[in-house]
Every structure is written in C-alpha cells, then in structure tokens.
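Commentary on secondary and tertiary structure
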Amino acid sequence: MPSAVFLIASSGAATLALGAGVLNGSFATPTRFMNRWQWENVWALWAVLAMFVLPWIVALATVPHLFATYQTVEVRHALLLVIAFGAGYGIAAICFGLGVEAIGIALNFAIALGTATAVGSAIPLFWFHAASVFTHQGYLIETGIAVIVIGIVLCGIAGRSKERDQARKLSEAKGPASSGFAKGLVLALVAGAGSALQNFGLAFGVPLLHRAAELGTPQSFQANVIWAPLLTATLIPYLLFCGRLWKKNHSWNLFFAPKTARYWWFGLVMGALWFSSIVIYGAAATRMADMGPVLGWPLFMSAIILTSNVWGLAVGEWKGASRSSLITMFAGLAGLILGFCILAWSSRLA
C-alpha cells in the first residue's frame, strides 16, 4: 500500500511539474503585443509583479504565521542561503540577456537551459542522495538527464539552423560574429548554472519547509515560504540592470506613453503565468519529497523548452526553415519526451 500511494503521488507530481513548464513556456507570449515599450520596460514590469508583488501576496495568503517561519535560529542559515541563491539567479537572468546578444537566441537558450537542467538536477542528486548515484534508480535518473540535455541541444541547433535559413533567404547577415562566440558561450554557461540556483534555493531551503509544516502550512503551499524571499533577492540585480538601461536609452517615460495602458494588464498576465508556474513546480517538487529537486527540475525545464517550440511553430517562427532544421527540431522534441518517460519511470523505483 505505501508503494502504491507513492506511485500515485509521484505520477501526480510529475504531471504538475509538466503543467508548470507549460505555463512557464507560455508566459512571454504577451510581449508580442507590447512593441511600443523597450525591453527594459516590458521585463521590469514583469519582474516586479512576478518576483515581488505576487510571491508575497501568495505567501501571505497560503502560509500561516509566515514571518514567524523566518524567525527561529534553526532556519536563519537556510534563509540566508535562499537569499544568496536568489541574488545569483538575478545575475544569471542578466547574463542570459547578454548572451542572446552575443550568440543569438537559439544557441544561447540551448546552452543555458541544458546547463541549468544538468546542474539543477545533478548537484542535488550527488549532494543529498549520494547513496542513490550507483543504484538502478540513480542510473535511470542520470540517463534521463543526459537524454533531456541532448534533446535541448538539438532544439538549439535546429533553432540556429532555422535562423540561418531565414537570413539566407532574406539576404541578411548570418549569425553572430565568431569573435563574440567565446564571450557568448561563457555568458550562456554562467546563465545556465545561475538559473539552477533557483532549484538550489528549494533544495537547500528544506529547513524552511519543515518549519512551515510545523506551523500548519499544507504540503502544497510550503514552497511559498522559499519563493518569496528568493525571488525578492532575484529582483534586486534585475532592477539595477533595467535601471541602467532606462538611463542609457531614456526609456523610463515609455511606461506612460500613449496607447500603452493595456500593457500593464499584459504585464500582469505575464507575471501571473510565470509565478503560477513556479508555485506549481514547488508543489510538485514538495510532493516528490527529497527527490523533488532531482526529478522535478528536468521535467519542469524540459516542458518549458517543449512548450516554447510549440508556440514557435504556432506563430510561424519556423516559416522558411529548411527540412533538415525541422527534422533536427523534431528529433530534439522526441529526446525531451523520451527524457520525460525515463525520469517518470525512475520515480517509480523510489
């Protein structure tokens, strides 16, 4: 009976992790309707809503005695780690944006998410579950992570090839210059490793989860005690970078430009989609118990990449791509689906 209960819980948690990835992979869609604003306007609004306003509203609404959770001596070290991981995650977001400029969206996305998936799952596995590394379940987890990384890289290669196909047909310049590739590669790797800090916050913030449980917080909401301080710390370097762009581009006044009032609603939708994905992922990882950061993270990250590719097909981003680019893209998606299945199977062996 206990194994059957765990099987049901694991299957439900995997479904939640995939659903969270679908939401996260969709949240940027409203940016297509915000072309009167600069990048720093769109993403600053999203960041304030998604990383500060919504996390604290949800935490206050779902966590009894929220601030008492942070006040005991036993959890202060974990809280400081969560804040440090959050600040690092904010720096990673900046590096991701700079990497896009250096080596392009597709290649940067593939390298960054591939790194984030591998690092975000492998380190919790080796750190917290070293005894499981050389077991049947451990081998399956490692295989699933490897297959997912291969799938993500193939999607990135396909995206890069698609951009070159389209540029060639339009007689435009090809991709980024080779002289900037080394810099872009480093930025993408830093962005990917830093993105995993979000998952580390959940993995190393377990004392906060336990304290929240002691104070009566339901299991599905316990991760909210981590997201609020972690994402607030993320917001600080992010806003500093946006502030630099406001000054450089004189774009602050665009927040109040004519015919942009609806953009504030778009920003709210973006923030709600993104943060709800984080909350759902936290619930999924919590239901997976100690293996949540190991199994849930690659499912979450891969569903993001899968959804973003589906959106790309739906809105015509692959128009003009060669047959080989499309074949590579579908091979990458097949790799992601196979990785999902391997990780789902590994969770049944716990």
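Bear in mind the structure is a predicted one, so any value in this text is a computation, not a measurement.

Reading the values: the criteria
Residues numbered from 1 in each chain as written. Predicted model: local features only at pLDDT ≥ 70, side-chain atom pairs only at ≥ 80, totals over all residues. Heavy atoms only, no water. Helix = DSSP H or I, 4+ residues; strand = E, 2+ residues; numbered from the N terminus. Buried < 20%, exposed > 50% of the residue type's maximum accessible area, 1.4 Å probe, protein only. Polar contact = N/O pair within 3.5 Å; in protein donor to acceptor, adjacent residues only side chain to side chain. Contact = heavy atoms within 4.5 Å. Core = buried A, V, L, I, M, F, W, Y, C linked by side-chain atoms within 4.5 Å. Salt bridge = Lys/Arg side-chain N within 4 Å of Asp/Glu carboxyl O.

1. A few points about the side chain of asparagine 224
- As for its position among the elements, asparagine 224 is in helix H9 (residues 224–249).
- Residue classification places asparagine 224 among the buried positions, given a relative accessible area of 2%.
- Reaching out from asparagine 224, the side chain makes a polar contact with the side chain of threonine 62 at a distance of 2.9 Å.
- Dropping the residues within four chain positions of it, asparagine 224 is found in contact with Val58, Ala59, Thr62, Val63 and Val279.

2. Observations regarding the nonpolar core
- Of all hydrophobic cores here, the largest spans 73 residues; its most connected members are Trp46, Leu208, Val225 and Trp274.
- Here this core takes 12 residues from helix H2 (residues 39–62), the largest share from any one element.
- When near neighbours in sequence (up to four residues on either side) are disregarded, valine 225 contacts Val63, Leu66, Thr69, Tyr70, Leu208, Leu209 and Ala212.

3. Details of unusual backbone geometry
- In this structure, histidine 250 is a non-glycine residue whose phi angle is positive, near 50°.
- In this structure, histidine 250 sits in the loop between H9 and helix H10 (261–287).
- A positive phi angle, near 65°, is found at lysine 259, a position not held by glycine.
- With respect to the helices and strands, lysine 259 occurs in the loop between H9 and H10.
- For lysine 259, a relative accessible area of 62% translates into the label exposed.

4. Overview of the pattern of salt bridges
- The tally for this structure, following the rule as stated, stands at 1 salt bridge.
- For the salt bridge of glutamate 214 with arginine 211, the shortest nitrogen-to-oxygen distance reads 3.1 Å. Remark: arginine 211 and glutamate 214 occur in helix H8 (residues 206–214); sequence separation between them is 3 residues, near one turn of the helix.

5. Some thoughts on the side chain of serine 325
- Following the sequence through the fold, serine 325 ends up in helix H12 (residues 323–347).
- Polar contacts involving the side chain of serine 325 include one to the side chain of serine 322, which spans 3.0 Å.
- Ignoring anything within four residues of it in the chain, the contact list for serine 325 reads Ala158, Ser161, Lys162, Asp165 and Trp318.

Everything listed here is a matter of coordinates, which is why it stays silent on function.
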